[in-house]
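Residues per chain are reported as follows:
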Amino acid sequence: AQKITQTQPGMFVQEKEAVTLDCTYDTSDPSYGLFWYKQPSSGEMIFLIYQGSYDQQNATEGRYSLNFQKARKSANLVISASQLGDSAMYFCAMREAPLNSGYSTLTFGKGTMLLVSP
Amino acid sequence: DGGITQSPKYLFRKEGQNVTLSCEQNLNHDAMYWYRQDPGQGLRLIYYSQIVNDFQKGDIAEGYSVSREKKESFPLTVTSAQKNPTAFYLCASSWTSMNTGELFFGEGSRLTVL
């Protein structure tokens, strides 16, 4: 079973509007971290926002906010006031500790391509 | 500037040849990672290393090898045993392996096997 599911292969939004990119996750570990990354066409991965499983409040970073619904195991990214430069691939990722291990790795979803139109 | 440097950016090789991708970081990070990305796919973990002289297999380690002789360096060798090596390879590092640490990525190496 996939650990991170992004059900929207592509999304369109008009400039200055808000958009929500969906992400659901699957884990039995009570301690985990959720991340969103942006990948422009150049290929580099840009960290956007982080949410810890024990965090009480939703994370926010500028125009980015994470709608964290723990019971539903969802961690949707909300981008407010979209800009043309927001056009990119967006990846949701989860960090959890493997069984019997003292360290963790990041597992990525398949991504959502966002296109912002003028 | 601090960061992660991957080289080469583009690489072409003939089938059956081994190729080594370089990854160097000057962020003083302990943990380093290699991911593979195929078109329309997310990133898949190949190998990771928490400390010098120690590394673990990720989800798709077959046909790859790594070394971690120095904290700053984590080269990846794509061997002839890798059945479908053409892909975009991303190296990353982080302060710790704990759940709160985000990964910092290099700009990637695009390998094409002819």
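Note: the structure precedes this text.
Residues numbered from 1 in each chain as written. Chains lettered and ligands numbered in written order. Predicted model: local features only at pLDDT ≥ 70, side-chain atom pairs only at ≥ 80, totals over all residues. Heavy atoms only, no water.

J.: Would you mind going over the overall build of chain B with me for this structure?
T.: In terms of regular secondary structure, chain B is built from zero helices and 11 strands. For chain B, the α and β elements follow one another from N to C terminus as β-β-β-β-β-β-β-β-β-β-β. Over its C-alpha atoms chain B spans a radius of gyration of 13 Å, differing by no more than 12% from the 13 Å that the globule rule assigns to 114 residues. Its C-alpha atoms give chain B principal-axis dimensions of roughly 40 × 30 × 25 Å. Here chain B holds 114 residues, and 49% of them are scored as buried. (Helix = DSSP H or I, 4+ residues; strand = E, 2+ residues; numbered from the N terminus. Rg over C-alpha atoms; globule rule 2.2 N^0.38 Å. Buried < 20%, exposed > 50% of the residue type's maximum accessible area, 1.4 Å probe, protein only.)

J.: Hey, could you run me through the environment of A:A59 in this one?
T.: Residue and element names in this part refer to chain A. Examined against the element boundaries, A59 turns out to sit in the loop between β6 (46–52) and β7 (60–61). Sequence separation between A59 and L77 is 18 residues; the distance between their C-alpha atoms is 9.8 Å. Sequence-distant contacts of A59, defined by excluding residues within four places in its chain, comprise I49, Y50, Q51, Y64, S65 and L66. (Contact = heavy atoms within 4.5 Å.)

J.: Is there a simple way to think about unusual backbone geometry in this case?
T.: The phi angle of most residues is negative, glycine excepted, and most peptide bonds adopt the trans form. With an omega of -10°, the peptide bond running from B:S7 to B:P8 counts as cis. With respect to the element layout, B:P8 can be found in the loop between β1 (4–7) and β2 (10–13). We note that A:K16 has phi near 80°; this positive angle belongs to a residue other than glycine. One can find A:K16 in the loop between β2 (10–14) and β3 (19–21). In the Ramachandran plot, A:K73 falls in the positive-phi region, its phi being about 55° despite a non-glycine side chain. Its place among the elements puts A:K73 in the loop between β8 (64–69) and β9 (74–79). Its relative accessible area of 29% is what places A:K73 among the partly exposed residues.

J.: Explain the pattern of salt bridges to me, please; I cannot follow it from the model alone.
T.: Side chains carrying opposite charge are able to pair once their charged atoms draw close together. Residues and elements named next belong to chain B. Evaluated as defined, the whole model comprises seven salt bridges over all chains. Note that D38 is salt-bridged to R36, the shortest N-O span being 2.9 Å. On the basis of relative accessible area, R36 is assigned to the buried category, the value being 4%. Residues D38 and R44 are paired through a salt bridge, measuring 2.7 Å at the closest nitrogen-oxygen approach. One connected set of salt bridges, linked through shared partners, spans R36, D38 and R44. (Salt bridge = Lys/Arg side-chain N within 4 Å of Asp/Glu carboxyl O.)

J.: So what exactly am I meant to see when it comes to the interface of chain B and chain A here?
T.: Quoted interface sizes are often the accessible area lost when the parts come together. Contacts between the two partners involve 25 residues from chain B and, on the opposite side, 23 residues from chain A. Across the chain B/chain A interface, buried area totals approximately 1,900 Å², and carbon plus sulfur atoms make up 53% of it. One can count zero salt bridges joining chain B with chain A. At the boundary of chain B with chain A, the tally comes to five residue pairs in polar contact (both at pLDDT 80 or more). (Buried area = accessible area lost by both parts, 1.4 Å probe. Polar contact = N/O pair within 3.5 Å; in protein donor to acceptor, adjacent residues only side chain to side chain.)

J.: Looking at this structure, I do not really get the packing of aromatic side chains. What am I missing?
T.: Describing an aromatic ring pair means giving the distance of the ring centres and the angle of the ring planes. Inspection of the entire model under this criterion finds 13 aromatic pairs over all chains. Here the aromatic rings of B:Y33 and B:Y48 are separated by 6.4 Å at their centres, their planes lie at 20°, and the arrangement is stacked. With a gap of 15 residues between them, B:Y33 in strand β4 (residues 31–37) and B:Y48 in strand β5 (residues 43–51) connect regions that are remote in the sequence. The pair B:Y33 / B:Y48 is uniform in exposure class, with both members buried. Here the aromatic rings of B:Y35 and B:F105 are separated by 6.1 Å at their centres, their planes lie at 45°, and the arrangement is tilted. You can see B:Y35 sitting in strand β4 and its partner B:F105 sitting in strand β10 (residues 104–105), a full 70 residues away along the chain. A single burial state applies to B:Y35 and to B:F105, both of which are buried. In this structure, A:R63 packs its charged tip against the face of A:Y64, placed 5.7 Å from the ring centre. Lying across the ring of B:F74, B:R68 places its NZ or CZ 6.0 Å from the centre. (Phe/Tyr/Trp six-rings, centres within 6.5 Å; stacked < 30°, edge-to-face > 60°. Lys NZ or Arg CZ within 6 Å of the ring centre and 35° of its normal.)

J.: Where do I start with a nonpolar patch on the surface in this structure?
T.: All names here are of chain A. Nonpolar side chains collect at one region of the surface, where F12, M113 and L115 lie side by side and expose about 330 Å² of accessible area between them. Mapped onto the fold, M113 is located in strand β12 (residues 112–117). A relative accessible area of 37% places M113 in the partly exposed class. (Patch = residues over 30% accessible without salt bridge, like charges linked within 9 Å, V, L, I, M, F, W, Y side chains within 5 Å. Areas by Shrake-Rupley, 256 points an atom, 1.4 Å probe, with all protein chains shown as cover.)

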